[in-house]
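Structural features, examined
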2 protein chains.
Amino acid sequence: MTGRIVIVDDHELVQIGLRALLTEHGLDVAGQAATGAEGLDLIRSLKPDLALIDIRLPDMSGIQVCQEIRKTDEATRLAVLTALMDKNVVHACIQTGVQGYLLKDLPAEELLRAIQNILAGKAVLDPTVTGYALKWLEMRQESGAEKEVLDLRDVEILRLMAQGWSNQAIGKYLHLSENTIKALVNDIYRRLGVKNRVEAVMEAYRHGLL
Amino acid sequence: MTGRIVIVDDHELVQIGLRALLTEHGLDVAGQAATGAEGLDLIRSLKPDLALIDIRLPDMSGIQVCQEIRKTDEATRLAVLTALMDKNVVHACIQTGVQGYLLKDLPAEELLRAIQNILAGKAVLDPTVTGYALKWLEMRQESGAEKEVLDLRDVEILRLMAQGWSNQAIGKYLHLSENTIKALVNDIYRRLGVKNRVEAVMEAYRHGLL
DNA sequence: TTCAGAAACACCCGATTGGGTGTATCAAAA
DNA sequence: TTTTGATACACCCAATCGGGTGTTTCTGAA
């Protein structure tokens, strides 16, 4: 079960730690990247068995990286590695089709076991987040309506909002009317429990959605 | 310049990374701790030449750890190692008498050099932090022309903006009129080179001002 | 003393946001 | 078949924001 692994994390300390941990146990770290863009290039060119991707990267969100990869590549296993545990992020990850959601403060041994499991073909969610995931999957199957959760388009809109775009500009960009954007934006506020643009963007940013 | 070093960090990955980096370059990691309490015990018993301390620990702040140590021990060098850059934290660290303030996303090589410098008796502030520290010291000494720089009140206003407050609310809170807040806010936009609230808050957040 | 410039406003105005109600379409469930 | 819901709008309106001009007051330098 030797696996070629790519690490995408902007903290070089974490890179070093991961590589030390993985190589020590016979796993092959084929490449490392510090930004989302570099990570995309690396994954596309190396086609590793597994990519470990940090959520918070300097240029883009790790989730976006996963989405990009999944557009053209269903084979490479993806796992996000993050310090935070957030409902919306977990859901976005599952929707994107990642095989693992791992927390950085996990003991090294558990982390290693999780990675080995993913390489072996299993999907691994950190135990502390499994509850959320299961509940969400239940709702998905039976009622289909999974209210209160931000979908990918919501996150896209939040990203544009965070760049200072107006509703009108967002509407033109997404080929929707300004009125529709306003409705969607209000929905986002309700789901995030905030009452204006700045709060929404800050919430999203803190939760690693951007 | 062989130094005995203690690491206090709750992320085992970072511990592993640091240890690999340091031992690889002939430095001696004498001990590691995952909590502030453990860290205090370890530093007091081992009396290392340098303690690298994470700011965010499960039981207490790394700054508190430094303060505790400094109560009885002026000799052990202390350096905080953190992912976040906060002006207030920097200020507190300098007042506590730490020798280093290092950011986790620094390239490994620079990190290593910084640590070697600290062991050699120099005090090292991360370059991105030094600016703030110097500016702060300037303002203390003289009323030198510090144009184009956000002062403390600007940052306070940005903090309130980031929490979703309206200009009116900010004005009431700071005992200023809404019109004055508007003028100040526009000044902030000009200095940050942005054109609306969301952008300003994002800029400030990215620059560690919040 | 006079002058320059800052700080703290007032007033104005168009653009945008926040929030509500209402509607046409379409697809899936009852 | 009917009904439900989700989606993508339109219209409306008050509040707020973005940005400009102009006034007063105070302080420090010429």
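Residues numbered from 1 in each chain as written. Chains lettered and ligands numbered in written order. Predicted model: local features only at pLDDT ≥ 70, side-chain atom pairs only at ≥ 80, totals over all residues. Heavy atoms only, no water.

Details of the pairing of strand β2 (residues 28-33) of chain A
Direction of pairing for strand β1 (residues 4-8) of chain A relative to β2(A): parallel, over a ladder of five bridges. Following the sheet pairing, A:V8 is matched in β2(A) by A:A33. (Pairing = 2+ DSSP bridges. Helix = DSSP H or I, 4+ residues; strand = E, 2+ residues; numbered from the N terminus.)

Overview of the protein's contact with DNA strand C
In the region of DNA strand C, 16 residues are neighbours, and A:K182, A:Y189, B:S177, B:N179 and B:T180 sit closest. Atoms of DNA strand C within 4 Å of the protein: sugar and phosphate make up 59%, bases the balance. Between DNA strand C and the protein, one listed contact pairs a sugar or linking oxygen with a side-chain N or O atom of B:T180 at 2.5 Å. When residues of the surface near DNA strand C are traced back to their parent elements, those giving at least two are α9 (178-192) of chain A together with α9 (178-192) of chain B. (Near = heavy atom within 4 Å. Polar contact = N/O pair within 3.5 Å; in protein donor to acceptor, adjacent residues only side chain to side chain.)

A few points about the side chain of B:R197
Mapping B:R197 onto the fold places it in helix α10 (residues 197-206). Buried B:R197, no salt bridge; nearest opposite-charge side chain is B:E178, N-O distance 8.1 Å. For B:R197, the residues in contact, after removing those within four places along its chain, are A:V198, B:M161, B:W165, B:S166, B:N167, B:V185 and B:Y189. (Buried < 20%, exposed > 50% of the residue type's maximum accessible area, 1.4 Å probe, protein only. Lys, Arg positive; Asp, Glu negative; His and termini not counted. Salt bridge = Lys/Arg side-chain N within 4 Å of Asp/Glu carboxyl O. Contact = heavy atoms within 4.5 Å.)

Digging into the interface of chain B and chain A
With 31 residues of chain B at the contact, the number on the chain A side is 32 residues. Buried area between chain B and chain A, both sides added, is near 2,400 Å², and the carbon and sulfur share of it is 73%. Interface area lost by chain B to chain A is led by B:L13, B:V198 and B:Y205, which between them contribute 28%. Run the count over chain B and chain A and you get zero salt bridges. (Buried area = accessible area lost by both parts, 1.4 Å probe.)

Quick notes on α9(B)
All names here are of chain B. Compared with the 21 Å implied by 1.5 Å per residue over 15 residues, the 21 Å span of α9 between its first and last C-alpha is a close match. When we look at burial in α9, the residues that qualify are I181, L184, V185, I188, Y189 and L192. Around the axis of α9, the buried residues are gathered within 150° of arc, so they sit on the same side. Capping the start of α9, S177 holds a side-chain oxygen 3.2 Å from the backbone nitrogen of N179, two or three residues further along. The positive-phi residue at the C-terminal boundary of α9 is G193, with phi of around 70°. (Expected span 1.5 Å × (residues − 1). Arc of directions from axis to C-beta.)

Side note on the UniProt feature "modified residue: 4-aspartylphosphate" (unreviewed entry) in chain A
Residue and element names in this part refer to chain A. The sites that carry the UniProt feature "modified residue: 4-aspartylphosphate" (unreviewed entry) are, in the present numbering, D54. For D54, the position within the fold is in strand β3 (residues 50-54). Beyond its immediate sequence surroundings of up to four residues, D54 is in contact with V8, D9, D10, G62, L81, T82 and K104. (UniProt positions renumbered as here; feature names shortened; annotations may be inferred.)

As for the confidence of the model for chain A
Residue and element names in this part refer to chain A. Mean pLDDT over chain A stands at 83; residues scoring 70 or higher make up 85%. Looking at the elements of chain A, mean pLDDT is at its lowest for helix α6 (residues 127-141), recorded as 50, and at its highest for β1, recorded as 95. Here residues 136-147 is modelled with pLDDT under 50, and outside its nearest four sequence neighbours on either side it reaches 10 contacts, counting other chains as well. (pLDDT = per-residue confidence, 0-100.)

Side note on the nonpolar core
A:I53, A:C93, A:L158, A:M161, A:L210, B:L158 and B:M161 are the most contacted members of the largest nonpolar core, which totals 67 residues. One finds A:I118, A:L119, B:L27 and B:I118 within the second-largest nonpolar core, a separate group that totals 48 residues. (Core = buried A, V, L, I, M, F, W, Y, C linked by side-chain atoms within 4.5 Å.)

Examining the protein's contact with DNA strand D
Residues in close proximity to DNA strand D total 16 residues, the closest being A:R153, A:S177, A:T180, B:K182 and B:Y189. By atom count, sugar and phosphate contribute 61% of the portion of DNA strand D lying within 4 Å of the protein. A:R153 places a polar side-chain atom, nitrogen or oxygen, 2.7 Å from a phosphate oxygen of DNA strand D. Residue A:T180 places a side-chain N or O atom 2.6 Å away from a sugar or linking oxygen belonging to DNA strand D. Among the secondary structure elements, those contributing two or more residues to the surface near DNA strand D are α9 of chain A together with α9 of chain B. For the surface near DNA strand D, the class distribution of residues is two nonpolar, eight polar and six charged. (Nonpolar A, V, L, I, M, F, W, Y, C, P; charged D, E, K, R; others polar.)

Re the environment of B:E12
On the secondary structure map, B:E12 appears in helix α1 (residues 12-24). With a relative accessible area of 31%, B:E12 lands in the partly exposed category. Taking the C-alpha atoms as reference points, B:E12 and B:A33, 21 residues apart in sequence, are found 9.4 Å from one another. In this view, B:E12 contacts A:L106, A:P107 and A:A108; residues no more than four positions away in its chain are not counted.

Looking at the packing of α9(B) against α10(B)
Residue and element names in this part refer to chain B. For the pair α9 and α10, interaxial distance at closest approach is 10 Å and the crossing angle is 60°. Between α9 and α10, the interaxial angle falls into the category oblique. Regarding α9 and α10, the two cross each other, and that crossing is left-handed. Only R197, A200 and E203 of α10 make contact with α9, whose side of the interface consists of V185, Y189 and L192. (Axes fitted to C-alpha atoms, helices over the stretch in contact; angles between N-to-C directions. Parallel < 35°, antiparallel > 145°, perpendicular 65-115°, else oblique. Left-handed = near helix turned anticlockwise from the far one by under 90°.)

As for the packing of aromatic side chains
Residue and element names in this part refer to chain A. For the structure shown, the criterion picks out two aromatic pairs over all chains. Geometrically, the ring pair formed by W165 and Y173 is edge-to-face, given 5.2 Å between the ring centres and 80° between the ring planes. Looking at W165, the relative accessible area reads 29%, which means it is partly exposed. (Phe/Tyr/Trp six-rings, centres within 6.5 Å; stacked < 30°, edge-to-face > 60°.)

Some remarks on the environment of B:T23
Residue and element names in this part refer to chain B. Examined against the element boundaries, T23 turns out to sit in helix α1. Given a relative accessible area of 41%, T23 falls into the partly exposed group. From its side chain, T23 meets the backbone oxygen of A20 in a polar contact 3.4 Å long.

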